[in-house]
Amino acid sequence: MSSSRLSLMAVSTLALMAAAPVSAQTVNEDVIPEIVVTVQKREQKLLNVPAAVTGLSNSFLTDVGITDFAELALFVPGFEVQDQSPNNPGFVMRGVTSDSGTATAETRVSVFQDGVSISRSRGSYVELFDLERVEVAKGPQSTLFGRGALIGAVNVIQAKAKPVLDAKAAVSAGDYNFRMVDAMINVPLGDTFAVRLAGRTKHRDGYVENLLGGKDFNGLGTDALRLSAAWTPSDVLGFDLIVNTQKDSTPGTAFKSGTWNPTDPNTGAVLGDRTPFGGAALSPGFLGRDLGLERTVTGTTLLGRWAINDVWSLSSISAHRRFSASEVFDADGMSLNLLTAAEIAKGSQWSQELRLNYDTGGAVSWFAGVSYFKEEASTAVPLQFDERAAGLFLANVLTRPTPQSLPVLQATANAAFGPLAPYLDTTHREVSTTYGDTKSIDAYADATWRVTPKFELSAGIRYTQDDKVSGYSASVETPSVLAAASQLSPAISAQVNQLATQYFLQTGTAPSQAMIATWTAAVTKAAVAGLPPVGIFKQPTPGNGNVVSQSFSDDGVTWRLVGRYLFSDTVNGYVSVARGRQPKVLSGDSGATPLAQPKFTQADAETVDSLELGLKTRLMGGRLSWDTAVYGYKYENFQTQVSTSTGGLVTVSAGEADAYGLETQAYYRVIPGADIFATYAYNHSRFGNGIYKGNRFRLSPDHSVSLGGRFKFSTEALRFWVTPTYTWQSDVFFENDNDLPQFQTAVPNLRPVGDTVQDEKQKAYGLLNLRLGFAPKKAPWSVEVFADNLTDEAYIKDAGNTGDNLGVATFIAGEPRMVGVTVRVNY
C-alpha cells in the first residue's frame, strides 16, 4: 500500500476515534474507511462500541507530527496532558488530573502499553514511535482496564513483528538544534518467527536562555529502543515478546520566579525580567549534578493468545517493568540557593493477567479473567538550602524584586544571626522519602446480550483486593543551625551573661569586649556541636532516617451497565451507567519535632458514579462521520493533595465534587483528497463541598477545540500535501486552590508573606501548526516541512509548583514557534 494512501486513511481516522489497522483490501476513496477498535476485548466497528473512545493510528500520528502524549492530547476531546518534563507529566481526563509523584499515590487516569499498566507517574511518559495505534477510552473504565482507570484509560498499542521484510527511517532537523531520527526494520526468520527492531533518538536545545551560562533550559534528550519478536507455531497459537528501554537526559526545567528578577548572584546585577518567557538565572544543581533529568525506563511484555476452538479463546499478558529517575530542579526560580530540590523515584512492577473469551457470533458473548499486580516504589525528595538565604527569606528581609548579591547576603546574615552566622550551612541538606508496596488481585467479567437485532445490553463487574504498605522516612546530613536559631540565640546569650556575672563577682570588674567575644565563640561552638538532628522543613524520623511503615488493606467493586440501540445501519445510540473507584491512600509526613514518629494521613476510597449518553453516526453515504457524548459524574471523597506545614504533600479527601460535559467530533470527506475534521469538548468540573467548594478542577479547561484538514493533490510527476491544524483551549488554573488568597496566607517558618495575586493561571490560547510535503510518484522517499506554533503564541504550561508552598510561585513557559524539515524513506 502506498505511503500516500496510508497517510490519507490515517487522517480520516481522527474524528472517527478509531484504532485498528486498515485492511489490505481496495479502499473506496469516496468514503471514509470503517474503523475497528478493541476496547471491549474484541474487534468491533466503532459504530458498534457503546463508549466514548478515541483512537489514532500510527500513520495519523506521523502525518500530524505527534511524537508524545502532550501533542496527542490536543486531538482527543476531553483529554489534556501537561509535560513539565518526561519525569513529571500530568494526565487529565474529563477534568480529573493524575500526576502525583509520591510512591503512595494512586492514579485516576491509567496508561497502558499493550494492556500493561505503566501508570506510575514517573514512568508513564514514554515516546510514541512505531505504533499500531493509541486508544483513549473516557469515563470510568475499571471494569475493562482495571486498577487506576477511575476516569479513563490510554492504551498504547505497539507495532508487532510480522512475517514480512520491511524497513523505514525518518530524519528531522529544526530550530533550537532539534534533531530526531526514527528507524525500524522487520525481518522474518522462517514461516513462524519474526523480529522487529525500532528506535528513536530525539534531542533539542532549550528554548529558555540560561542567563548564567551553560545549557539553556527546557530542552529535550531522549533515546528509545524496542525489540519485539513474534512466534506463531500454529494457526491457533501465537506469542509476542516486546522489550522496551528508554533513556532520558534533559537539561533543567525553567521554573522561573515570578517574585524575583533574574540576577548575577555575585554582583546582584539584574540580567532580565520576571516574565516566564525571558531568560532565567537559576541556582546550580546539587548531588554532584547540574539541573536536569536522568531517567531510565525498561519493560518486558509477553502476550499470548490461544484459539481453543471457534467459540473459546484464552489470552495472557505477562509483564515486568522498572524505572529509575533522578531530576534536579531549582524550586525557588532565582539565582540564590534559597531552595534547590531533587526527586529520585524508583519503581518495579510485575503483572500477570489471564482472560477467557467466549463468542459464538450469536446473541451472547462474554469474557472473564483474573489478574495479579505487584509494585514496589519509592520517591525521595532531597532538599538543599543556603541557610543564609533561607533565614533572611523566612524573616522576610530577602529583598524583592531584586535579591541581595552573595556578599550583601553574607553581611546581612552576619548582622541578623550574630555569632551563629559562621555556622549557617550554605549547602544544608535534608531528605524525605515515601515508600509504597502494593499487591493486588482482580477478578472480573463482562458480557453482552443482543436482545434483538437492534438492541443489546452489556454489563461488567470487577472486584479488586489490595494489600498495601505505606512508608516514610526523613533525615538530615547535619543539624540545621537555622532551624535551631530561635532556641540557640537566647541560650547563648544567657550563658555568656552568666559567665560575665560570675567574672564580675569574682573580680569586681566588668569583662572586656574581647573576653565576651571569646566566651560567645566558645559557647556558640559547643551549642552547635550539641544540636540534635533538626531540619528546616523535614524533621527526621527516629534514628535520623529510619523507615516507619503502616500496612493496610482495601477492597472494592466497580461495575458498568450499557444499553445500545441501532436506529438504523448508520445511526447508533447508547446509554451507560458506571462506577469507578480509587483505593484509599495512606500518606506519611514528618512529625513536628526531631526524631518524632511520622504522621500518617488517610484518605478514604474515592468513588465516582457516571451517566453517559452517546450518539454515533455515519452519514452521506459514508462521507461524514459524527459522534457525540454527554456525561455527568458525581464524586464522593474526592482525593486531592494539599501542602502541610512542613512543606510536604499529603493526600486528603476534599469531599464531594461534580462534573458534566459534552464531547463531539466530526470528520468529512469533501472530495477524495480533501478531508476536514473538528473536535470540541466542554467540561464543567467543580468541587461541591469541602475545603475547595466551588473551585474549578486544576488543569481542566471548560472548553477545548481542534480543527484540521488533510489536502493532497498531484502533478504528473509529484505528489503534494498540506496538513494545517489548530487547537484552542479556554483558561485553566494550575492548582485546585485556584490561586485564591484565602488558601495562601502567611504561615510562620514556611510562607512569610501571603500570596494575594491570582496570577497562576493560563488564559485562553490557540496553537496553529502546519505541515507541507511532497514526494515523487513511485519514489520511496518524501520531504516535509513543518512549523509548530506558527504564530509564536506565548503561553505557560505550569505555574505555582514547589515554590508556591513558600509563597513564591514559579512559572514554566510553553514552546515557542519551531520550524524544521523531515525526510522519510520507506523500504
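Just so it is clear, the model here is predicted, and its values are computed rather than measured.

Novice: Please clarify how the overall build of the protein should be interpreted in this entry.
Specialist: Check the secondary structure of the protein and you find eleven helices and 41 strands. For 827 residues, the compact-globule estimate of 2.2 N^0.38 gives 28 Å, and the protein sits close to it at 29 Å. Its C-alpha atoms put the protein at 110 × 60 × 50 Å along the principal axes. For the protein, the residues scored as buried account for 57% of the 827 residues in total. Partitioning the contacts of the protein with sequence separation of at least 6, the portion at a separation of at least 24 is 70%. Accessible area for the protein stands at about 31700 Å²; split by element, carbon and sulfur atoms hold 60% of it. Averaging the coordinates of the 69 positive side-chain charges in the protein and doing the same for the 81 negative ones gives two points 3 Å apart.

Novice: Which parts of the structure should I look at to understand the sheet that holds strand β8 (residues 116-117)?
Specialist: Strand pairing in a sheet takes place through backbone hydrogen bonds and is either antiparallel or parallel in direction. Taken in spatial order, the five strands line up as β3-β9-β10-β7-β8 in an open sheet, and their pairing is mixed. Both edges of this open sheet fall to β3 (53-57) and β8, since each of them pairs with a single strand only. As defined by bridge partners, β3 adjoins strand β9 (residues 131-138) across five bridges and the pair is classed as antiparallel. By the bridge assignment for β9, G55 is matched with E135.

Novice: What is the right way to read the sheet that holds strand β16 (residues 256-257) from this model?
Specialist: Pairing is antiparallel across the open sheet formed by three strands, whose spatial order is β16-β40-β39. Edge strands, defined here as strands with exactly one partner in the open sheet, are β16 and β39 (796-800).

Novice: What is the right way to look at the pattern of salt bridges in this model?
Specialist: Pairing is possible between side chains that carry opposite charge, provided their charged atoms lie close to one another. A complete count under the given rule lists 42 salt bridges for this structure. One salt bridge in this structure joins E376 and K374, with 3.9 Å as the shortest N-O distance.

Novice: Teacher, can you tell me more about unusual backbone geometry here?
Specialist: Excluding glycine, a negative phi dihedral is what most residues carry, and trans is how most peptide bonds are arranged. A cis amide bond, omega 0 degrees, links R400 with the succeeding residue P401. Its place among the elements puts P401 in the loop between α6 (387-394) and α7 (406-417). In this structure, K778 takes a positive phi of about 70 degrees despite not being glycine. By the secondary structure assignment, K778 is in the loop between β37 (765-776) and β38 (781-788).

Novice: I keep staring at the packing of aromatic side chains and nothing clicks. Help me out?
Specialist: The way to describe two aromatic rings as a pair is by their centre distance and the angle between their planes. Counting across every chain of the model gives 30 aromatic pairs. Geometrically, the ring pair formed by F60 and F75 is edge-to-face, given 6.2 Å between the ring centres and 85 degrees between the ring planes. Separated by 15 residues along the polypeptide, F60 in helix α2 (residues 58-64) and F75 in the loop between α3 (69-73) and β4 (79-83) bring together distant segments of the chain. A ring pair is formed by W312 and W366, whose centres lie 5.5 Å apart and whose planes are at 80 degrees; its orientation type is edge-to-face. Placement of W312 in strand β18 (residues 312-330) and of W366 in strand β20 (residues 364-385) is noted, with a sequence separation of 54 residues between them. For W312, a relative accessible area of 31% translates into the label partly exposed.

Novice: Would you explain the pairing of β20 in this entry?
Specialist: Side-chain direction in a regular strand flips from residue to residue, so the side chains alternate between the two faces of the sheet. Here 18 bridges tie strand β19 (residues 340-359) to β20, and the two strands are oriented antiparallel to one another. Bridge pairing in β20 links S351 to F373. Hairpin remark: β19 followed by β20, antiparallel, with four residues in the connecting loop; positive phi at G361, about 85 degrees. The sheet contact formed by β20 and strand β21 (residues 428-449) spans 22 bridges and is antiparallel. Bridge pairing links Q384 to R429 in β21.

Novice: Would you take a moment to explain the environment of P594 for this structure?
Specialist: Mapped onto the secondary structure, P594 falls in the loop between β25 (585-589) and β26 (599-603). Sequence separation between P594 and P532 is 62 residues; the distance between their C-alpha atoms is 7.4 Å. In this view, P594 contacts P533, V534, Q539 and P540; residues no more than four positions away in its chain are not counted.

Novice: What is the right way to look at the side chain of N186 in this model?
Specialist: Here N186 is to be found in strand β12 (residues 178-188). Residue classification places N186 among the buried positions, given a relative accessible area of 0%. Polar contacts involving the side chain of N186 include one to the main-chain carbonyl oxygen of V164, which spans 2.7 Å. Within the structure, N186 has its side chain in polar contact with the side chain of R196 (distance 3.2 Å). Each residue touching N186, except ones within four places of it in the same chain, is listed here: K160, A161, K162, V164, L165, D166, V195 and R196.

Novice: I tried to follow the environment of R824 on my own but got confused; where do I start?
Specialist: Looking at where R824 falls in the secondary structure, it is placed in strand β41 (residues 818-826). C-alpha separation for the pair R824 and E663, spaced 161 residues apart in sequence, amounts to 35 Å.

Novice: Would you mind going over the confidence of the model for the protein with me for this structure?
Specialist: Note: predicted coordinates in regions of low pLDDT should not be interpreted at a detailed level. Per-residue confidence for the protein averages 91 on the pLDDT scale, and 96% of its residues sit at or above 70. Of the regions scoring below 50 in pLDDT, residues 1-25 engages in 79 contacts with residues more than four places distant in sequence or in other chains.

Novice: Could you clarify how one ought to interpret the packing of helix α8 (residues 481-507) against helix α9 (residues 513-529) in this entry?
Specialist: Between two packed helices, the angle of one axis relative to the other and the distance separating the axes together describe the packing. Contact pair α8 / α9: the axes reach a minimum separation of 9 Å and the direction vectors enclose 140 degrees. Comparing their axes, α9 and α8 come out oblique. You can see that α8 and α9 cross each other, and the crossing is right-handed. Side by side, α8 and α9 meet where V481, L488, I492, Q495, V496, L499, A500 and Y503 of the first sit next to M515, I516, W519, T520, V523, T524, A527 and V528 of the second.

Novice: I tried to follow α7 on my own but got confused; where do I start?
Specialist: What sets the pattern is the α-helix's 3.6 residues per turn: residues three or four places apart point alike. End to end, α7 covers 16 Å across twelve residues, agreeing with the expected 16 Å (1.5 Å per residue, within 8%). When we look at burial in α7, the residues that qualify are L409, A413 and F417. Summarising the axial view, the buried residues of α7 lie within an arc of 40 degrees, below the 170-degree limit, and thus occupy one face. Opposite the buried face of α7, by more than 90 degrees, sit the exposed residues P407 and A415. In this structure, the buried residues of α7 make contact with α6 and α8. The first or second residue beyond α7 is G418, which carries a positive phi of 55 degrees.

Novice: Before we go on, may I ask you to explain a nonpolar patch on the surface in this structure?
Specialist: A cluster of nonpolar side chains, contributed by I185, L197, L225, L227, L241, V243 and L302, occupies part of the molecular surface with about 540 Å² of accessible area. Where the nonpolar patch is concerned, the elements lending two or more residues are β14 (220-234) and β15 (237-251). Within the secondary structure, I185 is located in strand β12.

Novice: Would you mind going over the pairing of β21 with me for this structure?
Specialist: Pairing between β21 and strand β22 (residues 455-476): 20 bridges, direction antiparallel. Each residue of the ladder has a partner; that of A443, found in β22, is Y463. In textbook terms, the turn of a hairpin is the stretch between consecutive antiparallel strands, and for β21 and β22 this stretch comprises five residues.

Novice: Would you explain α9 in this entry?
Specialist: For α9, with 17 residues, the first-to-last C-alpha span of 24 Å sits near the 24 Å given by 1.5 Å per residue. Listing the buried residues of α9 in full gives W519, T520, V523, T524, A527 and V528. Down the axis of α9, the sector holding all buried residues measures 155 degrees, keeping them to one side. Every exposed residue of α9 that faces more than 90 degrees away from the buried side is listed here: A514, T518, K525, A526 and A529. Tucked into the core, α9 has its buried residues touching α8.

Novice: Which parts of the structure should I look at to understand the nonpolar core?
Specialist: Soluble globular proteins: nonpolar side chains tend toward being buried together. By size, the foremost hydrophobic cluster in this structure holds 43 residues, and its most contacted members are F69, L72, F79 and Y635. In terms of residue count, the dominant contributor to this core is α3 (four residues). Those residues in contact with Y635 that lie beyond four places of it in its chain are V96, L150, I151, E606, T607, V608, G655, E656, A657, D658, A659 and F697. With 40 residues, the next largest nonpolar core counts L482, V523, V534 and I812 among its residues.

Parameters at a glance
Residues numbered from 1 in each chain as written. Predicted model: local features only at pLDDT ≥ 70, side-chain atom pairs only at ≥ 80, totals over all residues. Heavy atoms only, no water. Helix = DSSP H or I, 4+ residues; strand = E, 2+ residues; numbered from the N terminus. Rg over C-alpha atoms; globule rule 2.2 N^0.38 Å. Buried < 20%, exposed > 50% of the residue type's maximum accessible area, 1.4 Å probe, protein only. Contact = heavy atoms within 4.5 Å. Areas by Shrake-Rupley, 256 points an atom, 1.4 Å probe, with all protein chains shown as cover. Lys, Arg positive; Asp, Glu negative; His and termini not counted. Charge placed at Lys NZ, Arg CZ, Asp CG, Glu CD. Pairing = 2+ DSSP bridges. Salt bridge = Lys/Arg side-chain N within 4 Å of Asp/Glu carboxyl O. Phe/Tyr/Trp six-rings, centres within 6.5 Å; stacked < 30°, edge-to-face > 60°. Polar contact = N/O pair within 3.5 Å; in protein donor to acceptor, adjacent residues only side chain to side chain. pLDDT = per-residue confidence, 0-100. Axes fitted to C-alpha atoms, helices over the stretch in contact; angles between N-to-C directions. Parallel < 35°, antiparallel > 145°, perpendicular 65-115°, else oblique. Left-handed = near helix turned anticlockwise from the far one by under 90°. Expected span 1.5 Å × (residues − 1). Arc of directions from axis to C-beta. Patch = residues over 30% accessible without salt bridge, like charges linked within 9 Å, V, L, I, M, F, W, Y side chains within 5 Å. Core = buried A, V, L, I, M, F, W, Y, C linked by side-chain atoms within 4.5 Å.

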